[in-house]
Amino acid sequence: MLTDIEIAQAAELLKIREIASEMGLTEDDVESYGPYMGKFSDAYLKSIEDRPFGKLILVTAINPTPAGEGKTTVTIGLGDALRRAGKRVMIALREPSLGPCFGIKGGAAGGGYSQVVPMEKLNLHFTGDFHAITSANNLLAAALDNHLQQGNALGIDPKRIVLKRCLDMNDRALRNIVIGMGKRVDGVVREDHFIITVATEVMAILCLAEDIHDLQQRLSRIIVAYTYQGTPVTAADLKVVGSMTVLLKDAIRPNLIQTLEHTPAIVHGGPFANIAHGCNSVRATKTALRSADYVVTEAGFGADLGAEKFLDIKCRMAGLKPDAAVLVATVRALKYNGGIPKDQLSQEDLDALAKGICNLGKHIENLQKYGLPIVVTLNRFVSDTEAEIEYVRNYCAERGCRLTVSEVWAKGGEGGAELAEEVLKLVDSGASNYHPIYDTALSLDEKIKTIATEIYGAKDVEYTPEAKKALADLTSLGFGELPVCMAKTQYSLSDDPKLLGRPEGFTVNIREVYVSAGAGFVVAIAGSIMTMPGLPKVPAAERIGIDENGMTVGLF
């Protein structure tokens, strides 16, 4: 059996100019980054601003498990299936981060015969967007420390600096550090911190900005620190916003690549859903919606994280109205939620399936609360039995949605025909009545409690004294009506990764709250979630290399 990278390397790709031409674009509309990747030109993006939107389809999933769900694979396969059905379609995805690529999760190009390509370049440096974001963030950090060194005219309290440096790599040793050691000219000694690039506010801003001017305005509002009197100090106060914008002027333009079946795919931006808002850029989604009749996009991790933030933050801010949702699950993952060890998931076990399927049920309920028509799709494994599939089918029918079976990993778009047919029925029916789950006029703690109780199923929310004070301070500073971006584990509906299935009676523990003023939301960190992940005992980096023919091996 071929690996994902072997399938991708054997594929015959069309030149990016051919993909653009099939979309009706000219050579001037896309700037090539090599033969198979490109960025949309500013002129093209400007020229389509008045076009009507196509239909928007969100692909989300149950909580991820070691058994695998395949949300990105289904997203790509559905796009290919819709194209096979004669539809004018585009796919909109996030860019992969190097952290999980070399850590444990792997890349984010799909899998099997439902991949976006060139897979290697996408999973590694791609078009340099993440490098630009890292550089812009760290330029701001350098300017901040230089300001302290040069006399601190703004009166910044070194104990109340909230901006963190970043790196697009899992490196737990950088979570908490001391900088400025050495001679006096080496800077002011203080505690500092690193987060992964995809958790930065700069990443969130790039993904929510409408254009370069909106980007610059949002960057100017980033709060980097507070003065001794408690007044916020912003990036604008440090006078480097123009330089940051210059670093990001190409990164804000969406990237164009293709699937194995040559369906055009926009891959742009990549905030994590467990510690950020988990959606590709607003610009990417709107470009796709103005360039195609149907757009398939995804939101990171389970629906309790990615879909919630897509629907409560991104769609609200950008004025998007999704037409349908696809909820991805696997029989294996549902049995894992039912308490079966990973090495026993290939055996038929209807009892375990009955115990674990409640996780799927909660996600169905949640999406229905947003007024979205839903189709559930099982990403099929060879070990799935007809009895298990039929059990899931009946379970979904009892909850008012249809089950389809996806075989896009093995068959590409052909394996998504049933899913595509059902999605088209939902979308074309006009049944969507999308609305966010909360009103932003609610207080911050009411919004947090709404998400925790309505979406996670929690009994209550508790705050550390620091988090409670931060809520009061942010409200007094005028940030009380912003939406909330929850940061919590992706592995459970709760903030405890060990609570599988559909936990009940639990309390969500909020340990930290801060504002991302430029992005336009308040972040609430629940449980022990880390904004700088660490590497596992045996990282994926140990398997990746170059063979005797100069080809990359081990990347997945």
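The model shown is predicted, which means the values in this text are computed figures rather than measured ones.

### Here we look at the pattern of salt bridges
Working step 1: Inspection of the entire model under this criterion finds 29 salt bridges.
Working step 2: A salt bridge links R190 to D192; the shortest N-O distance between them is 3.6 Å.
Working step 3: On the accessibility criterion, R190 (7% relative accessible area) is buried.
Working step 4: Judged by relative accessible area, which is 1%, D192 ranks as buried.
Working step 5: With a shortest N-O distance of 3.8 Å, K449 and D460 are connected by a salt bridge. In this pair, K449 sits in helix 20 (residues 444-456) while D460 sits in strand 20 (residues 460-463), placing the two residues 11 residues apart along the sequence.
Working step 6: The exposure class of K449 is partly exposed, given its relative accessible area of 41%.
Working step 7: You can call D460 partly exposed: its relative accessible area is 31%.

### Regarding the sheet that holds strand 12 (residues 223-227)
Working step 1: Pairing is antiparallel across the open sheet formed by three strands, whose spatial order is 7-12-13. In this open sheet, the two strands that pair with only one neighbour each are strand 7 (156-161) and strand 13 (232-234). Averaged over all adjacent pairs, the angle separating strand axes in this sheet is 50 degrees, with direction ignored.
Working step 2: Note that strand 7 and strand 12 share two bridges and pair antiparallel. Each bridged residue has a counterpart across the sheet, and for I161 the counterpart in strand 12 is A225.
Working step 3: Packed onto the sheet, helix 7 (residues 129-149) meets strand 7 and strand 12 and runs at close to 135 degrees relative to strand 7.

### Quick look at a nonpolar patch on the surface
Working step 1: Taken together, V178, M181 and V189 make up a surface patch of nonpolar side chains, about 310 Å² in accessible area.
Working step 2: Among the secondary structure elements, M181 is positioned in the loop between strand 9 (177-179) and strand 10 (190-192).
Working step 3: Of the residues examined, M181 reaches a relative accessible area of 58% and is grouped as exposed.

### Considering the environment of L167
Working step 1: Of note, L167 is situated in strand 8 (residues 165-167).
Working step 2: Each C-alpha atom of the pair L167 and P536 lies 17 Å from the other, and the pair is 369 residues apart in sequence.
Working step 3: Contacts of L167, omitting those with residues within four sequence positions, involve L174, F194, I195, I196, T197 and M532.

### Things to note about the packing of helix 20 against helix 21 (residues 465-476)
Working step 1: Relative orientation of the contacting elements helix 20 and helix 21 amounts to 125 degrees, with a least axis distance of 10 Å. Taken together, the axis directions place helix 20 and helix 21 in an arrangement best described as oblique. Residues L444, D445 and I448 of helix 20 pack against L471, L474 and T475 of helix 21.
Working step 2: Taken together, the residues of the contact of helix 20 with helix 21 sort by class into four nonpolar, one polar and one charged.

Criteria and cut-off values
Residues numbered from 1 in each chain as written. Predicted model: local features only at pLDDT ≥ 70, side-chain atom pairs only at ≥ 80, totals over all residues. Heavy atoms only, no water. Salt bridge = Lys/Arg side-chain N within 4 Å of Asp/Glu carboxyl O. Buried < 20%, exposed > 50% of the residue type's maximum accessible area, 1.4 Å probe, protein only. Helix = DSSP H or I, 4+ residues; strand = E, 2+ residues; numbered from the N terminus. Pairing = 2+ DSSP bridges. Axes fitted to C-alpha atoms, helices over the stretch in contact; angles between N-to-C directions. Contact = heavy atoms within 4.5 Å. Patch = residues over 30% accessible without salt bridge, like charges linked within 9 Å, V, L, I, M, F, W, Y side chains within 5 Å. Areas by Shrake-Rupley, 256 points an atom, 1.4 Å probe, with all protein chains shown as cover. Parallel < 35°, antiparallel > 145°, perpendicular 65-115°, else oblique. Nonpolar A, V, L, I, M, F, W, Y, C, P; charged D, E, K, R; others polar.

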